[in-house]
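Here is what each chain is made of, one letter per residue.
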Amino acid sequence: MERRERGGRGSRLAKPPDAPTPERVLAGLDTALFRQLVYLPETGSTNDVVRAEARAGAPEGLVVIADRQTAGRGRRGRAWDSPAGLGLWFSVLLRPTFPARQAPLLALMAAAAVRDAVAATAGVPVLVKWPNDVVSQDGRKLSGILVEMEADGDFIRHCVVGIGVNVNQALEDFPPEVRETATSLGLLAGGPVARVPLLQAILAGLEARYRRVLADGFGAVLDEVRRHSATLGRDVQVVETGGQAWDGRAVAILDDGALLVEPAGGGEARRVYAADVSIRETNAPTREANASIRPPGGGRATSR
Ligand code: BTN
């Protein structure tokens, strides 16, 4: 594996000439769903491109990949830095038949696929951080997922699953404000990582999990997320969408995808559906916390 090259901005990971073009990606991709791939050297946000195609009637399975995004975005309107040549920035179009309230679970499904692909292609053990991230063992963010949906009531018109993976950034390639919290696969692996095999593995893993979800529900995906969770058993800070913050311990991921958190000050465990959860460094990860813990009320951990 090549190690590093010297660039104008100091020591950088060498960039493999591996633009993820449809020809290259499809050459080694044995999926039935993801056959229509579009590669854009530059665009605003691949989520926007796919949403426009979805509104125009594109079938599910469309994949739009950009080498660079000029307006990449994450959850809660945050910017997602997407420099050329250094990452995987892509979105896929799905038209699932399950009810709209289950759509957020697609972020966990995608995170599970990314985690597995990273481990398989680069040999780097990483974890799923609820609800939409893949992080290194020491908690730095490697990948983020943004699911956007249009629905009529509980009928899903389409879902756009946007996936960003930091592949070959050196630390100085990240914006200063995320340098303490972000990482890339190249940094974790100790050298450049080829983007095409990684994208192929992610797409194959996404399709396999999606088919299983459509046939049997989210049970297997949730078990996979629990097995590889960065969040379960950890002391966390929960920041609600309204900005209210509180501390607790993450004790379970429920069958509807909610994170069950025991408040630090005592009281009944709370189900968290949409929030930012940061992991505090006050306790080591344990594997004791799992799905067998019952939600408040004592019933089975199923739906809301
Ligand atoms: C997050 O961590 O908040 C989610 C980040 C999602 C980034 C990806 S990159 C491809 C797609 N296009 C975007 O504008 N965002 C997603």
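Residues numbered from 1 in each chain as written. Predicted model: local features only at pLDDT ≥ 70, side-chain atom pairs only at ≥ 80, totals over all residues. Heavy atoms only, no water.

Some words on the pattern of salt bridges
Cut-off, in case you're wondering: Any carboxyl oxygen of Asp or Glu that lies within 4 Å of a side-chain nitrogen of Lys or Arg is treated as forming a salt bridge with it. For the purposes of this entry, the term helix denotes a DSSP run of H or I that reaches at least four residues, the term strand denotes a run of E that reaches at least two, and both are numbered from the N terminus. Only protein chains enter the area calculation, which uses a 1.4 Å probe; residues under 20% of their type maximum are buried, those over 50% are exposed, and those in between are partly exposed.
A full pass over the atoms with the stated rule returns 24 salt bridges. In this structure, the salt-bridge partner of Glu42 is Arg68, at a minimum N-O distance of 2.8 Å. Here Arg68 lies in strand β4 (residues 63-69) and Glu42 lies in strand β3 (residues 37-43), a separation of 26 residues in the sequence. Residue class for Arg68 comes out partly exposed when judged on its relative accessible area of 34%. For the salt bridge of Glu207 with Arg211, the shortest nitrogen-to-oxygen distance reads 2.9 Å. In this pair, Glu207 and Arg211 both sit in helix α5 (residues 195-216), four residues apart, roughly one turn of the helix. Exposure remark for Glu207: the relative accessible area of 7% places this residue in the buried category. Among the charged side chains, a salt-bridge network with shared partners connects Asp48, Arg51, Arg73 and Glu148.

Observations regarding the packing of aromatic side chains
Formally: Centre distance within 6.5 Å is the pairing criterion for rings of Phe, Tyr and Trp, where only the six-membered ring of Trp is used; planes under 30 degrees apart are then read as stacked, over 60 as edge-to-face, and the remainder as tilted. Distance and angle both matter: a charge sits over a ring if NZ of Lys or CZ of Arg is within 6 Å of the ring centre and within 35 degrees of the ring normal.
Summed over the entire model, instances satisfying the criterion amount to two aromatic pairs. A centroid spacing of 6.4 Å and a plane angle of 75 degrees characterise the contact between Trp80 and Trp89, whose relative ring orientation is edge-to-face. The exposure class assigned to Trp89 is buried, which follows from its relative accessible area of 1%. Geometrically, the ring pair formed by Phe98 and Phe218 is edge-to-face, given 5.2 Å between the ring centres and 65 degrees between the ring planes. Residue Phe98 is located in the loop between β5 (87-94) and α3 (105-122), and its partner Phe218 is located in the loop between α5 and α6 (219-227); the two are separated by 120 residues in the primary sequence. What makes Phe98 buried here is its relative accessible area of 8%. Overall, the relative accessible area of 4% leaves Phe218 in the buried class. Here the guanidinium or amino end of Arg270 rests over the ring plane of Trp246, the centre of that ring lying 4.0 Å away.

Some thoughts on the sheet that holds strand β9 (residues 155-166)
The following threshold applies: Strand pairing requires that DSSP identify at least two bridges connecting the strands. To obtain each axis, a line is fitted to C-alpha atoms, and for helices this fit is confined to the stretch in contact; angles are then taken between N-to-C directions over 0 to 180 degrees. Any two residues whose heavy atoms approach within 4.5 Å are treated as being in contact.
Taken together, seven strands build an open sheet; the order of strands is β3-β4-β5-β9-β8-β7-β6 and the sheet is mixed. This sheet does not close on itself; its edge strands, each paired only once, are β3 and β6 (127-129). Each strand of the sheet is rotated relative to its neighbour by a mean of 20 degrees, with strand direction disregarded. Where α5 meets the sheet, it contacts β4, β5 and β9, and its direction lies at approximately 25 degrees from that of β5.

Things to note about α5
The cut-off we apply is this: Expected span of a helix: the number of residues minus one, times 1.5 Å.
An ideal rise of 1.5 Å per residue puts 32 Å on 22 residues; α5 measures up with 31 Å between its terminal C-alpha atoms. Where α5 ends, the next residue or the one after it, Gly217, has phi of about 90 degrees, a positive value.

Here we look at the site of the ligand
Going by this rule: Definition of nearness: a residue and a molecule or strand are near each other if at least one heavy atom of the residue lies within 4 Å of the molecule or strand. What qualifies as a polar contact is a pair of N or O atoms within 3.5 Å, subject to a donor-acceptor requirement within protein and to the restriction that residues adjacent in sequence count only when both atoms come from side chains. Residue type decides the class: Asp, Glu, Lys and Arg count as charged, Ala, Val, Leu, Ile, Met, Phe, Trp, Tyr, Cys and Pro as nonpolar, and the leftover types, Gly among them, as polar.
Taken together, 20 residues form the shell around the ligand, and within it Ser45, Gln69, Arg73, Arg75 and Lys141 come nearest. Contacts to the ligand include Lys141, whose side-chain N or O atom sits 2.5 Å from an oxygen atom. Counting residues per element, the ones that place at least two in the shell around the ligand are α2 (46-55), β5, β8 (141-152) and β9. Tallied by class, the residues present in the shell around the ligand amount to five nonpolar, eleven polar and four charged.

Focus: unusual backbone geometry
The linkage connecting Trp130 with the following residue, Pro131, adopts the cis geometry, with an omega of 0 degrees. Residue placement: Pro131 occurs in the loop between β6 and β7 (133-135). Although it is not a glycine, Arg76 adopts a positive phi angle of roughly 55 degrees. Structurally, Arg76 can be placed in the loop between β4 and β5.

Brief notes about the packing of α3 against α6
For clarity, the threshold we go by: Every angle not falling under 35 degrees, over 145, or within 65 to 115 is termed oblique; those three ranges are roughly parallel, roughly antiparallel and roughly perpendicular. By definition, any crossing whose near helix is turned counterclockwise from its far helix by less than a right angle is left-handed, and any crossing with a clockwise turn is right-handed.
For the pair α3 and α6, interaxial distance at closest approach is 9 Å and the crossing angle is 55 degrees. The orientation of α3 with respect to α6, classified from their angle, is oblique. Classified by chirality, the crossing of α6 by α3 is left-handed. Residues Leu105, Leu108, Met109, Ala112, Arg115 and Asp116 of α3 form the contact with α6, whose own contacting residues are Val221, Leu222, Glu224 and Val225. Split by residue class, the contact of α3 with α6 holds seven nonpolar, no polar and three charged.

As for the sheet that holds strand β14 (residues 275-279)
Strand order in the open sheet made by the five strands is β13-β12-β11-β10-β14, with antiparallel pairing throughout. Of all the strands in the sheet, just β13 (270-272) and β14 have a single pairing partner and so form its edges. The mean angle between the axes of side-by-side strands here comes to 45 degrees, regardless of whether they run parallel or antiparallel. Of the pairings in the sheet, the one linking strand β12 (residues 259-263) to β13 comprises three bridges and is antiparallel in character. Counted as the bridge partner of Val261 is Arg270 from β13.

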